[in-house]
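Reading the structure
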Amino acid sequence: MNGSLSINQPGVRKAINRYFLKASGGRNRFRIMSPYALFPESRKLDYQFDQIKAEVTKLIETRDVRPYGDIDPLRAAEVSTDWRLYYAYMLGETNPAAYRDCPTFVDFAERTPRVVNAIIAILEPGVTLKAHEGPYAGILRYHLPLTVPENNPPRLRVDQEIHTWQEGRGILIDDTFEHEVYNESDGRRVMLIIDIRRPMGLVPDVVNRLSLRAKRKWSAQFIKESGGDI
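In this report, the structure presented in the accompanying data block is examined. (Residues numbered from 1 in each chain as written. Predicted model: local features only at pLDDT ≥ 70, side-chain atom pairs only at ≥ 80, totals over all residues. Heavy atoms only, no water.)

**A look at the sheet that holds strand E1 (residues 32-33)**
Across the sheet, which stays open at both edges, the seven strands sit in the order E1-E9-E6-E11-E4-E2-E3 with antiparallel pairing between neighbours. Two strands in the sheet have a free side with no partner beyond their single neighbour: E1 and strand E3 (93-94). Running at roughly 155 degrees to strand E4 (residues 115-123), helix H7 (residues 103-111) makes contact with strand E2 (84-90), E3, E4 and strand E11 (189-197) of the sheet. (Pairing = 2+ DSSP bridges. Helix = DSSP H or I, 4+ residues; strand = E, 2+ residues; numbered from the N terminus. Contact = heavy atoms within 4.5 Å. Axes fitted to C-alpha atoms, helices over the stretch in contact; angles between N-to-C directions.)

Quick look at the structure:
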């Protein structure tokens, strides 16, 4: 309706983000932590690590995983146009190709109710991610590195905290803090990224679910642009 408020309008998004951050501890919330307290389901990915890594390695060898600049040019200009992303699952929509390309990963996403997005992220040698903040405060972001270069491995800064990824060791981050990736390595880093609904009280969680539902219209576009079959 003309003139009506939409949950996707910038002013509304900012108000919702402020509400979510206040409901989850404000400036006292964590930056980087072990995932097991807030995302215990990630232990299943630990058990399936070898299988998932084999599937993703084959995917990279046989599929054209698109650069972020082709998927979301405006956002990529703020982060990196060369970061390559494969959306296996987004906002409740499964990439049909993922049933063939990474069946174990997409099965986990579909069977885990708190999962919002499930992405395979590829960082080529020398590709860095500029300092930026996550645009939506209703999620926390899980990283599980599948392949990490041994020589000068990439590092992540979240606010004032620095983390160096290690293969097979997952972390959970709050990406609404400013963060960036330093990559001076000579090898490729491959990682699973899973966004989960931020743990909050009953009312903010309901607001979060409604907000995420309103964002689903972008799912098919992101999946297609990243090399999906939709």
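This is not the end of the story, as more comes after the structure.
**Things to note about the sheet that holds strand E7 (residues 155-158)**
As summarised here, the arrangement of the four strands in space is E5-E10-E7-E8, forming an open sheet in which the pairing is antiparallel. The open sheet has two edge strands with one neighbour each: strand E5 (129-132) and strand E8 (161-164). Each adjacent strand pair in this sheet contributes to an overall mean axis angle of 20 degrees, direction not counted. As defined by bridge partners, E5 adjoins strand E10 (residues 179-182) across two bridges and the pair is classed as antiparallel. Following the sheet pairing, His-132 is matched in E10 by His-179.

**Remarks on the pattern of salt bridges**
Counted according to the given criterion, the structure contains 18 salt bridges. A salt bridge links Arg-29 to Asp-174; its shortest N-O distance comes to 2.7 Å. With Arg-29 in the loop between helix H1 (10-23) and E1 and Asp-174 in the loop between strand E9 (171-173) and E10, this pair connects stretches of sequence that are 145 residues apart. Judged by relative accessible area, which is 9%, Arg-29 ranks as buried. By relative accessible area, which is 0% here, Asp-174 ends up buried. (Salt bridge = Lys/Arg side-chain N within 4 Å of Asp/Glu carboxyl O. Buried < 20%, exposed > 50% of the residue type's maximum accessible area, 1.4 Å probe, protein only.)

**A closer look at helix H3 (residues 49-62)**
With 14 residues, H3 ought to run about 20 Å at 1.5 Å a step, and its terminal C-alpha atoms sit 20 Å apart, in line with that. Phe-49, Ile-52, Glu-55, Val-56, Leu-59 and Ile-60 are the residues of H3 that are buried. Taken around the axis of H3, the buried residues stretch over an arc of 135 degrees, which confines them to a single face. Turned more than 90 degrees off the buried face of H3, the exposed positions are Asp-50, Lys-58, Glu-61 and Thr-62. (Expected span 1.5 Å × (residues − 1). Arc of directions from axis to C-beta.)

**Quick word on the environment of Lys-217**
Along the polypeptide, Lys-217 turns up in the loop between helix H8 (202-214) and helix H9 (219-225). Take Lys-217: its relative accessible area is 58%, and that puts it in the exposed class. In this structure, the C-alpha to C-alpha distance between Lys-217 and Val-206, residues 11 residues apart in sequence, is 19 Å.

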